Amino acid sequence: MKVVILAGGYGTRISEESATRPKPLVEIGGQPILWHIMKIYSVFGLNEFVICCGYKGYLIKQYFRDYALAQSDVTFDLHGGMMKTHRNGVEPWQVTLVDTGEKTMTGGRIRRVRSYLGEEPFCLTYGDGVADIDIGELIAFHRNCGALATVSAVRQPGRFGALNLQSGDNFVAGFREKSNDDGGYINGGFFVVAPQAIDYIEGDDTVWEREPLEKLAIEGRLAAYRHRGFWQNMDTLRDRMVLENYWESGEARWKIW
């Protein structure tokens, strides 16, 4: 099964980092968050990736070119213009990098890589979120429920303290740190999608999370896999620091490899 990763957005809410590089290349623990996402899938034997590039996509291409070289022992024959690899320490990844346009919406990016996907279901996720999700269980869930698309439903990570206020009372009746159980489920990415679902995407201006998913939901063809473990996106600079702190403290729960 192939894995499609959306990596073409501008990342405007983390502009402190994305001004010079695409958000998927923002580093956590010395490696781009894109690398972390790929490592999660690789644990479950998924090593064929299709990366939807857009904003500064050439930097993602350069990263993978240089990554393979940096992880290998090589001999350069400068006069003959040859390079010999002695030891290759990279993951067994096959990475296809597709320019899907700078201004293309999420649905349009998926539609543009249709020819690289074949006729089997594929995994799909965003290039800015990590989780300790069981991808094997997710795929099995999708196959068993018979949906055209399955989205991983997650709880928004808690940020603020929760107050228990009684009606008409100015004093706090209770206080606790906000937990992930507060509020409803949200779209956490980590989809499994049948190729037929791409037919719901009209063109470059189609937002995957709007018309396609809304129509699939109305038709009863969109399933939700409830992931109750760790999940964290990297939408802002604060989110990046949260992830970095997890990594530095040895508490990076998404590090399942």
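Residues numbered from 1 in each chain as written. Predicted model: local features only at pLDDT ≥ 70, side-chain atom pairs only at ≥ 80, totals over all residues. Heavy atoms only, no water.

Colleague: Even after reading the chapter, I still don't get the overall build of the protein chain, so can you show me in this structure?
Modeller: Along its length, the protein chain carries 7 helices and 16 strands. Within the protein chain, the fraction of its 257 residues that count as buried is 44%. In the protein chain, of all internal contacts separated by at least 6 residues, the share reaching a separation of at least 24 is 73%. For the protein chain, the accessible area works out to roughly 13500 Å², and carbon and sulfur atoms hold 48% of it. (Helix = DSSP H or I, 4+ residues; strand = E, 2+ residues; numbered from the N terminus. Buried < 20%, exposed > 50% of the residue type's maximum accessible area, 1.4 Å probe, protein only. Contact = heavy atoms within 4.5 Å. Areas by Shrake-Rupley, 256 points an atom, 1.4 Å probe, with all protein chains shown as cover.)

Colleague: Explain the layout of surface pockets to me, please; I cannot follow it from the model alone.
Modeller: The gaps left among the atoms become clear once a water-sized probe is rolled over them. By volume, the largest pocket amounts to about 860 Å³. Along the wall of the largest pocket there are 31 residues; nearest its centre are Gly9, Lys23, Thr106, Tyr126 and Asp128. At the level of secondary structure, the elements contributing two or more residues to the lining of the largest pocket comprise β1 (2–7), α4 (106–112), β8 (122–126), β13 (185–187) and β16 (231–233). The residue makeup of the lining of the largest pocket, split by class, is 9 nonpolar, 14 polar and 8 charged. (1 Å grid on protein atoms, 1.4 Å probe; cavity = no way out; pocket = protein on both sides within 12 Å on 5 of 7 lines; lining within 4 Å. Points joined across faces, edges and corners; volume = space filled by probe spheres on them. Nonpolar A, V, L, I, M, F, W, Y, C, P; charged D, E, K, R; others polar.)

Colleague: Sorry if this is basic, but what is going on with the packing of helix α2 (residues 33–43) against helix α3 (residues 57–70) here?
Modeller: Packed helix pairs are characterised by how far apart their axes lie and by the angle those axes make with each other. Two elements in contact, α2 and α3, have axes separated by 12 Å at closest approach and are oriented at 65°. Pair α2 / α3 crosses with right-handed handedness. Seen from α2, the contacting residues are Leu34, Trp35 and Met38; seen from α3, they are Ile60, Tyr63, Phe64 and Tyr67. Tallied by class, residues from the contact of α2 with α3 come to 7 nonpolar, no polar and no charged. (Axes fitted to C-alpha atoms, helices over the stretch in contact; angles between N-to-C directions. Left-handed = near helix turned anticlockwise from the far one by under 90°.)

Colleague: How should I be thinking about α3 in this particular structure?
Modeller: The periodicity of an α-helix, 3.6 residues per turn, causes residues three or four places apart in sequence to face the same way. With 14 residues, α3 extends 20 Å from end C-alpha to end C-alpha; this agrees with the ideal 20 Å at 1.5 Å per step. The set of residues buried in α3 consists of Gly57, Leu59, Ile60, Tyr63, Phe64 and Tyr67. Take α3 and look down its axis: the buried residues cluster within an arc of 150°, on one side only. Elements that come into contact with the buried residues of α3 comprise β1, β3 (31–32), α2, β4 (48–53) and β7 (94–99). (Expected span 1.5 Å × (residues − 1). Arc of directions from axis to C-beta.)

Colleague: Teacher, can you tell me more about the side chain of Asp235 here?
Modeller: Along the chain, the position of Asp235 falls in the loop between β16 and α7 (237–248). Owing to a relative accessible area of 17%, Asp235 belongs among the buried residues under this scheme. Beyond its immediate stretch of four places on either side in the chain, Asp235 contacts Arg13, Ile14 and Lys23.

Colleague: Even after reading the chapter, I still don't get the packing of aromatic side chains, so can you show me in this structure?
Modeller: For any two aromatic rings, the description comes down to two numbers: the centre-to-centre distance and the angle of the planes. Going through the model one piece at a time under the given rule, you end up with 13 aromatic pairs. Centroid distance Tyr63 to Phe64: 5.1 Å. Interplanar angle 75°. Geometry classified as edge-to-face. Of the two residues examined, Tyr63 and Phe64, each falls in the buried class. Ring-pair connections join several aromatic residues into one group, and the members of that group are Trp35, Phe230, Tyr246, Trp247, Trp254 and Trp257. (Phe/Tyr/Trp six-rings, centres within 6.5 Å; stacked < 30°, edge-to-face > 60°.)

Colleague: Can you help me understand the pattern of salt bridges in this one?
Modeller: In a structure, side chains of opposite charge can pair up when their charged atoms sit close to one another. One pass over the structure, following the stated rule, counts 12 salt bridges. Here Arg114 makes a salt bridge to Glu119, at a shortest N to O gap of 3.2 Å. Classification of Arg114 by relative accessible area gives partly exposed; the value is 24%. On the basis of relative accessibility, which here comes to 61%, the residue Glu119 falls in the exposed class. One salt bridge connects Arg240 with Glu244, and the closest N-O pair in it is separated by 3.9 Å. Note that Arg240 and Glu244 are positioned in helix α7 at a spacing of 4 residues, about one turn of the helix. Of the two residues examined, Arg240 and Glu244, each falls in the buried class. The network of salt bridges with shared partners includes Lys23, Asp128 and Asp235. (Salt bridge = Lys/Arg side-chain N within 4 Å of Asp/Glu carboxyl O.)

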